[in-house]
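Structural overview for review
Take a look at the letters that make up each chain.
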Amino acid sequence: MLPGDLIGTSEELTGKTGTFVDKGNIYAATTGIVKINNKERSISITPVTNTPPNLQVGDIVIGQVTDVKDSVALVEIAGIKGRGEREIFNAEQAAIHVSNVKDAYVKELYYEFSPFDIVKARVIDMRNMRLTTVNKELGVMKAYCGNCRTALKKDNGKLKCPKCNRNETRKLSSDYGTGII
Ligand code: ZN
């Protein structure tokens, strides 16, 4: 997350370390990775450190979609799952090719990912920094309304904006909206 990024609303979460609240929206106050504490329904930002990434093929990473083109979605990696404490490092750019999105035909990549989405993906190629989301748990963890930027809620397997009732589609992780990495 970068300073000023919308990370939640005070309706659903309490902003803690590294966040600030403005008109009911919670924003990142520092560059870092978002942590959601489900027990206390709070959200905080852990600042980015200069720890070397040590990424490997097979690693599960968390990142933010920065751009979606016809055949690739670009992702800025923010953290690696596991390895004792979750390692956090300076953002590294990676890409999800249209053929690595899901176990089914992808008509339009724009129906699967959108800029600002938080995704969970597996590293499949270090040289070209390719990721895959072909797996039930992999995919979008959090998505925002393309119209009003409110966090979309999962309802019967579909995404809906609680504010403007707009429906959107994504390649969802089975952990969507739980904050579980
Ligand atoms: Zn909306």
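See the structure above.
Reading guide: rules and limits
- Residues numbered from 1 in each chain as written.
- Predicted model: local features only at pLDDT ≥ 70, side-chain atom pairs only at ≥ 80, totals over all residues.
- Heavy atoms only, no water.
- Pairing = 2+ DSSP bridges.
- Helix = DSSP H or I, 4+ residues; strand = E, 2+ residues; numbered from the N terminus.
- Core = buried A, V, L, I, M, F, W, Y, C linked by side-chain atoms within 4.5 Å.
- Buried < 20%, exposed > 50% of the residue type's maximum accessible area, 1.4 Å probe, protein only.
- Contact = heavy atoms within 4.5 Å.
- Phe/Tyr/Trp six-rings, centres within 6.5 Å; stacked < 30°, edge-to-face > 60°.
- Donors = N, O, S within 2.8 Å, 3.2 Å for Na, K, Ca; no water.
- Tetrahedral: all angles 85-135°; square planar, octahedral: opposite > 155°, others 65-115°.

Our next topic: the sheet that holds strand 6 (residues 42-47). Pairing is mixed across the open sheet formed by 3 strands, whose spatial order is 2-6-5. This sheet does not close on itself; its edge strands, each paired only once, are strand 2 (14-15) and strand 5 (32-37). Where strand 2 lies against strand 6, 2 bridges are found, and the strand directions are parallel. When the sheet's bridge partners are listed, Thr14 is paired in strand 6 with Ser42.

We now examine the nonpolar core. In this structure, Phe113 and Leu131 are the most contacted members of the largest nonpolar core, which totals 27 residues. Top element by residues in this core is strand 8 (residues 72-80). It accounts for 4 residues. For Leu131, the residues in contact, after removing those within four places along its chain, are Val61, Val75, Ile77, Ala94, Ala95, Ile96, His97, Asn100, Ala121, Arg122, Val123 and Ile124. Ile7, Ile45, Ile62 and Ile181 belong to the second-largest nonpolar core, a separate cluster that totals 11 residues.

Further remarks concern the packing of aromatic side chains. Tallying each qualifying case throughout the model produces 1 aromatic pair. Ring centres of Phe20 and Tyr27 lie 5.4 Å apart, and the angle between their planes is 20°; this geometry places the pair in the stacked category.

This part takes up the pairing of strand 8. Burial of strand 8 is extensive: 7 of the 9 residues sit out of reach of the surface. By the bridge criterion, 7 bridges tie strand 7 (residues 60-68) to strand 8 in an arrangement that is antiparallel. Within strand 8, the residue paired with Ile62 across the bridge is Gly79. Taking the residues between adjacent antiparallel strands as the criterion, strand 7 and strand 8 are bridged by 3 residues.

Moving on, we come to the coordination of the zinc ion. Taken together, Cys145 (SG), Cys148 (SG), Cys161 (SG) and Cys164 (SG) make up the protein donors of the zinc ion, found 2.2 to 2.3 Å from the metal. For the zinc ion, the 4 donor atoms are set out with angles of 102 to 125° between them, so the coordination reads as tetrahedral. Positions of the donor residues of the zinc ion along the chain correspond to the pattern C-x2-C-x12-C-x2-C.

Tracing the sequence through the fold places Ser44 in strand 6. Residues in contact with Ser44, not counting those within four places in the same chain, are Lys16, Thr17, Thr19, Ile33, Val34 and Lys35.

Turning our attention to unusual backbone geometry. Negative phi values dominate among residues other than glycine, just as trans dominates among peptide bonds. You will see that Arg149, though not glycine, has its phi angle at about 70°, which is positive. Within the element layout of this structure, Arg149 appears in the loop between strand 12 (139-142) and strand 13 (153-155). The class for Arg149 is partly exposed, based on a relative accessible area of 32%. Even without glycine at this site, Asn165 takes up a positive phi of about 60°. Topologically, Asn165 is positioned in the loop between strand 14 (158-160) and strand 15 (167-168).

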